[in-house]
Structure formats: structure tokens, C-alpha cells
Amino acid sequence: MSRVVLELEGVTKSYGPVVAVRDLELRATAGELITLIGPSGCGKSTLLRVVAGLERPDAGTVRIDEQVVAGPRDWSPPERRRVGMVFQDHALFPHLDVTRNIAFGLDGMPRSRRRERVDEVLGLARLGHLARRYPHELSGGEQQRVALARALAPAPAVVLLDEPFSSLDETLRGQVRADTVALLRTTGTTALLVTHDQTEALSVGDRVVVMNEGRIDQAAGPVEVFEQPATRFVASFMGEAVFLPAHVHDALLTSEIGLVSTVPGWTGTDVDVEVVLRPHEVALAPSPEGSGVVCGLEYHGAFVLHSVRLPSGSLVQSWQPHSVRHPPGTRVAVSVVAGVRPTLLVGDRAMTEPPG
Ligand code: ADP
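Residues take numbers from 1 onward in each chain, read along the sequence in its written order. Under the rules for a predicted model, residues below a pLDDT of 70 receive no local features and side-chain atom pairs below 80 are neither given nor counted, while totals for whole chains, interfaces and linings still include all residues. Side-chain metrics in this entry use all non-hydrogen atoms of the structure; hydrogen atoms and water are not considered.

1. Focus: unusual backbone geometry
The phi dihedral of R82 falls on the positive side, at around 55 degrees, and the residue is not glycine. Per-residue accessibility, obtained with a 1.4 Å probe over protein chains only, is compared with the maximum for each type, and a residue is labelled buried under 20%, exposed over 50%, and partly exposed between these values. By relative accessible area, which is 45% here, R82 ends up partly exposed. Positive phi, close to 45 degrees, is recorded for E163, a residue that is not glycine. Overall, the relative accessible area of 15% leaves E163 in the buried class.

Shown next, in the form of C-alpha cells:
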């Protein structure tokens, strides 16, 4: 097991009557890159601010490198926490060139060591050729690299990145994201990255933390979060999904579209559930006897999203390759792609074992 670098235990923070984060538990191990996602107002920034020491939690403990930095009896100010921060707007000092921006956090170091460290970081971030430029002479992507280099220069225990790519345009974002992740990886940095982009959360994170109303609904690997969402909220927030009433009888899952899958281990059960179906899990075949009727087409380039109305009025969605277009009004047989084991919900929670 890797060393735990950041640990939050029972952390709660309210602003007046608003509980921004509630009883949070989170651990990050050395070198781990955690993405943090959730709707606006769910408490992501508050969590970052509590870790950075910009807010004091009402309850709970924050440990960095096994040292309590916030707790009932302990408090370390931001500058003593070994936490680096990168913001959406980069927040570079406009009157300092790249070198001096990066050197800014290295006050305590002897001069020669400081110069060495700045050169080292300039090299790591591939910024050597821009060392004498001022922020306004840099592209958005370069400014972002300087901001990260500045955060990494003092060799922090943890780096917090608050929507670091959202001010960049779409074409630049992919490259800057790849550069950022590469730099975090080569330096073995432990990082918490806030994003509002589901694909980014899944593609960048070793683990994805999904927050909802101040709580963590799920903290797991990206594949698990997408394929085995823990709650209704996670299922609907992390990608498209529809929820169909369904029934498990003796390990067979059926719904309006017929047999959905087997549910190993659920022999002897007889229980109503809801099945979570994502568009890539739903197959369509035009058929005059089909029970579904195509009611909408959305062209997404590589794929075409088909919406299909079932006799009950429920809607399912299906990704089809770009060459396939069943026009609205087409009757289709709807089934679930072979091998898919969809998530089952009882109430708002996913069921991994038979109830009772
Ligand atoms: P997110 O970053 O996920 O959008 P925040 O952590 O900024 O969420 O906010 C969580 C909740 O706390 C929201 O309801 C927000 O309005 C409230 N909040 C955040 N900061 C303050 C503050 N300084 N004063 C009062 N309420 C705040």
C-alpha cells in the first residue's frame, strides 16, 4: 500500500446555514491524481480551500504527510502546509517574468539553490525558452504551464488544481491537459484536480471523486465510477443514462424491452428494481414487430444518438455508428448489447448484492 499523503477525516464546513461539505472522508496516496467532479455548489472549491488552509473546517481533521494541519486542536496556515495551487485564471504575477514567477515561492532557499531549482523546473515544464517573457507575452496554454511550474517549484506534498483548463479553448485544452498530466506524473506529484467535464474526470484521474450536496457519493477508479455507479446521482451525472423499471426473478433481469441480462447470485430473488442503461449498451434493429419507435436523432459526428419511445412511454437512447440513421417513426426492436451487466438501483442506491 502506498504512503497516504493527504487525509481528510470527518471534515465538515458550513457557511451560516449552508453545509458546504459534510463529514468528508478522503485519502490520496503518493503520486495519485484524483479528479473531483460534481454539480456547481456541491462543495468542490470548499474542499480545496479546506485542504489549502484558506478555510478552517468546523469539524474533522486534515493531515498532510501524516501531520495534522487542521483539527480540533491544530492549525497550520496555508504557507506552512506544502500545498501548491493552480487556478483557472492562472493568477500569474503580471509584473514578473516567467523565471521570477516560478521563483516566487522559493523565498526561504539560499540564492544559488534557488536558481538551480528554477532552472530544474523550467526544464521539467519545457519553459526554458520562455524564461524571460512576461505573462502577457504567453499563450493561455503557456501561462497554464507556468502556473503549474510555479506550484511545483517548492516541491509541495500536494497540488490542488481548480478547473485548470476551463479558460482554454477546446483545441488547446487537450494538449495542455496532456502536458499537465505528464508533468504531474514525471514529478510524482500527488494532486487533486477539480473539473466539471465528465470525460476529463474519467480520462485523467487514477481515481474519480463524485460529490453531491457536500458529500462524496463515490470515490473509485474511472471504470468503476462509469460502469458501476454507486448511486442514482452518479449514474446520471457521469454520462447519459436512462432508468427503466425492471424486475429480477431467479437471477433473470427483465424489463419492458424483455430479458436484459442474468444477475449472477440473485437466485431465489423476486424484486423490483430500476435498470440503468447507457446509450452504448442499447442495441436497435429495425423490425415491423419491434416495440420501440424512433422519436429523435442527434448527429454527434462519429456517432448518432437515437432516442426511442417504448410502449409505456419510457424513453431509451442508443448510440449508433455515424453511418446508421433510423429516421423518426422507424419501428425498432430494442435489446441490450450482449455481455452488458447493467447497474441495478433500489431507491437511490445501486445494488451489488441481492436485497435482504
Ligand atoms: P463548488 O465549488 O462545487 O461549486 P462551493 O464549494 O463553491 O461549490 O460551494 C458550496 C456551497 O457553499 C454553495 O452552496 C455555496 O453557495 C456555499 N458557499 C461557498 N463559499 C461561500 C462563502 N464564502 N460564503 C457563503 N456561502 C458559501
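2. Focus: the environment of V337
Locating V337 in the fold gives a position in the loop between β19 (331–336) and β20 (344–346). Overall, V337 belongs to the partly exposed group, its relative accessible area being 33%. C-alpha separation for the pair V337 and S261, spaced 76 residues apart in sequence, amounts to 9.4 Å. It only takes one pair of heavy atoms within 4.5 Å for two residues to be counted as in contact. The contacts of V337, once residues within four sequence positions are left out, are H280, E281, V282 and A283. Helix numbering and strand numbering both begin at the N terminus, where a helix is a DSSP run of H or I of at least 4 residues and a strand a DSSP run of E of at least 2.

3. Notes on the sheet that holds strand β4 (residues 59–64)
The four strands are arranged β2-β1-β4-β5 in an open sheet whose pairing can be described as antiparallel. Strands with a single pairing partner mark the edges of an open sheet, and in this sheet they are β2 (18–29) and β5 (67–70). Between one strand axis and the next, the sheet turns through 25 degrees on average, direction left out of account. Pairing of strand β1 (residues 4–15) with β2 involves eight bridges; the strand directions are antiparallel. Bridging across to β2, L6 finds its partner in A28. Throughout, an axis means a line fitted to C-alpha atoms (over the contacting stretch in the case of helices), and angles, computed between N-to-C directions, take values from 0 to 180 degrees. Across the face of the sheet, helix α1 (residues 44–52) comes into contact with β1, β2 and β4 while running at roughly 120 degrees to β1. Strand pairing is defined by DSSP finding a minimum of two bridges between the two strands.

4. Some points on the layout of surface pockets
Using protein atoms alone on a 1 Å grid, points that fit a 1.4 Å probe yet trap it form a cavity, whereas open point sets bounded by protein on both sides within 12 Å along at least five of seven lines form a pocket; residues with an atom within 4 Å of a point count as lining. Grid points are joined across faces, edges and corners, and a volume is the space filled by probe spheres set on the points. As a volume, the largest pocket reaches approximately 660 Å³. Lining the largest pocket are 19 residues, and of these V83, G84, M85, G105 and P154 lie nearest its centre. Elements supplying a minimum of two residues to the lining of the largest pocket: β6 (83–86) and α4 (140–152). Looking at the lining of the largest pocket, the element that brings in the most residues is β6, giving three residues. The class makeup of the residues in the lining of the largest pocket is 14 nonpolar, two polar and three charged. Of the pockets and cavities examined, the second largest pocket occupies roughly 320 Å³. Think of it as three bins: nonpolar holds Ala, Val, Leu, Ile, Met, Phe, Trp, Tyr, Cys and Pro, charged holds Asp, Glu, Lys and Arg, and polar takes everything else, Gly as well.

5. Let's talk about the pairing of strand β7 (residues 158–162)
The element β7 is extensively covered by neighbouring structure, given that five of its five residues are classed as buried. Both faces of β7 are covered, namely the face carrying V158, L160 and D162 and the face carrying V159 and L161. Where β6 and β7 come together, four bridges link them in parallel fashion. Counterpart to V83 in the pairing with β7 is V158. Relative to strand β8 (residues 190–194), β7 runs parallel, the two being bridged by five bridges. Bridging from a neighbouring strand, L160 pairs with L192 of β8.

6. Some details on the site of the ligand
Consider each residue's heavy atoms; a residue with any of them within 4 Å of a molecule or strand counts as near. All residues adjacent to the ligand are Y15, V18, A20, P39, S40, G41, C42, G43, K44, S45 and T46. Polar contacts, as counted here, are pairs of nitrogen or oxygen atoms within 3.5 Å of one another; within protein the pair requires one atom able to donate a hydrogen and one able to accept it, and residues that are adjacent in sequence qualify only if both atoms are side-chain atoms. The contact in question runs from an oxygen atom of the ligand to an N or O atom on the backbone of G41, over 2.7 Å. Between the ligand and S45 there is a distance of 2.7 Å, counted from an oxygen atom to a side-chain nitrogen or oxygen. For every accessible area listed, the method is Shrake-Rupley and the probe measures 1.4 Å; residues are considered covered only by the protein chains on display. Bound to the protein, the ligand loses 58% of the 560 Å² it would expose on its own. Where the shell around the ligand is concerned, the elements lending two or more residues are β2 and α1. A total of three residues in the shell around the ligand trace back to one element, the largest contributor, which is α1.

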